[in-house]
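Structure at a glance
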Amino acid sequence: GFCFGEKWIHKTVQLPGFIQGLMRRWKMSGTMLKGRGPSFLGFLGVPLGFVWAEPIRVKKMNPAENKAYVDEVFAEVEVATRELFERYKERFGYGPEETLSMIPVEEAKVAGRHAKSS
């Protein structure tokens with residue numbers, strides 16, 4: 001499934017650099033979400049739309065023992081999610097030029113390490 005509109009529910013606020021540095025020590029984000037007033041509650045009036053794809057059948061197994069199968073299932077999820085996004089994005093107010101980015105966990109971990117060292 002995919003939720004359209006969630007990117008408009010909150011505004012992101014980047015905390016000052018010295019606070020981000022302190023928070024990184026405890027593996028916390030230096031980005032906060034701001035909603036209505038001084039709260040995290042999402043803004044009202046933002047239309048949300050949920051769409052669902054066909055279920056993806058999986059075999060029960062220990063994922064640590066079969067990384068190739070996990071990668072195969074992830075690839076199916078990625079394709080289904082991209083298809084949903086492309087099919088419904090204009091209906092929910094996204095422009096035709098907007099794209100969906102998916103980042104593998106390994107890539108996100110590397111990016112996180114680079115952010116910590118800078």
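Residues numbered from 1 in each chain as written. Predicted model: local features only at pLDDT ≥ 70, side-chain atom pairs only at ≥ 80, totals over all residues. Heavy atoms only, no water.

**Some words on the overall build of the chain**
Across its full length, the chain carries 3 helices and 4 strands. Seen in sequence order, the chain has helices and strands lined up from the N terminus as β-β-α-β-β-α-α. Over its C-alpha atoms the chain spans a radius of gyration of 18 Å, topping by over 25% the 13 Å that the globule rule assigns to 118 residues. C-alpha extents for the chain along the principal axes are approximately 45 × 40 × 25 Å. Sorting the 118 residues of the chain into buried and exposed places 20% on the buried side. (Helix = DSSP H or I, 4+ residues; strand = E, 2+ residues; numbered from the N terminus. Rg over C-alpha atoms; globule rule 2.2 N^0.38 Å. Buried < 20%, exposed > 50% of the residue type's maximum accessible area, 1.4 Å probe, protein only.)

**Topic: the packing of aromatic side chains**
Enumeration according to the criterion identifies 7 aromatic pairs in this entry. A centroid spacing of 4.9 Å and a plane angle of 10° characterise the contact between phenylalanine 4 and phenylalanine 92, whose relative ring orientation is stacked. Of this pair, phenylalanine 4 sits in strand β1 (residues 2–4) while phenylalanine 92 sits in the loop between α2 (67–88) and α3 (105–117), placing them 88 residues apart in sequence. Given a relative accessible area of 25%, phenylalanine 92 falls into the partly exposed group. Clustering of aromatic rings is evident, with ring pairs tying together Phe2, Phe4, Trp8, Phe85, Phe92 and Tyr94. (Phe/Tyr/Trp six-rings, centres within 6.5 Å; stacked < 30°, edge-to-face > 60°.)

**Overview of the environment of proline 104**
Position of proline 104 among the secondary structure elements: in the loop between α2 and α3. A sequence separation of 87 residues divides proline 104 from glycine 17, and the C-alpha atoms of the two residues are 27 Å apart.

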